[in-house]
Amino acid sequence: MRFEIMRLDDVDGTAVDTTVVDAASVNRIVQQAASIGQRILIRPADSTAS
């Protein structure tokens, strides 16, 4: 399964950057975001997203 991860702006919460990763990469990305206090949104990726 693939997930879309969006990095969110600290001020207004709009998506600044988006990437699609496999399930094995999600934990690493969450840990990195948590370590620097970065806001992210994770959701299942559409089958057409790449």
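Residues numbered from 1 in each chain as written. Predicted model: local features only at pLDDT ≥ 70, side-chain atom pairs only at ≥ 80, totals over all residues. Heavy atoms only, no water.

Novice: Looking at this model, I keep getting lost on the pattern of salt bridges. Mind explaining?
Specialist: Scanning the model with the defined rule gives two salt bridges in all. The partner of glutamate 4 in a salt bridge is arginine 43, with the nearest N and O atoms 2.8 Å apart. Of this pair, glutamate 4 sits in strand 1 (residues 2–8) while arginine 43 sits in strand 3 (residues 40–44), and the two are 39 residues apart along the sequence. On the basis of relative accessibility, which here comes to 16%, the residue glutamate 4 falls in the buried class. Here aspartate 17 makes a salt bridge to arginine 7, at a shortest N to O gap of 3.8 Å. Here aspartate 17, found in strand 2 (residues 15–22), pairs with arginine 7, found in strand 1; they are ten residues apart in sequence, far enough to count as distant. Residue classification places aspartate 17 among the partly exposed residues on the basis of a relative accessible area of 38%. Note on arginine 7: relative accessible area 33%, which makes it partly exposed. (Salt bridge = Lys/Arg side-chain N within 4 Å of Asp/Glu carboxyl O. Helix = DSSP H or I, 4+ residues; strand = E, 2+ residues; numbered from the N terminus. Buried < 20%, exposed > 50% of the residue type's maximum accessible area, 1.4 Å probe, protein only.)

Novice: Would you take a moment to explain the sheet that holds strand 2 for this structure?
Specialist: Where strands meet in a sheet, backbone hydrogen bonds hold them as pairs that are either parallel or antiparallel. What the three strands build is an open sheet, ordered 2-1-3; its pairing is antiparallel. If you trace the sheet from one side to the other, it starts and ends with strand 2 and strand 3, each paired once. If you compare each strand with its neighbour and ignore which way they point, the axes differ by 20 degrees on average. In this sheet, strand 2 lies alongside strand 1 in antiparallel orientation, the contact comprising seven bridges. Following the sheet pairing, arginine 2 is matched in strand 2 by aspartate 22. (Pairing = 2+ DSSP bridges. Axes fitted to C-alpha atoms, helices over the stretch in contact; angles between N-to-C directions.)

As far as function goes, none of this settles anything; it's purely spatial.
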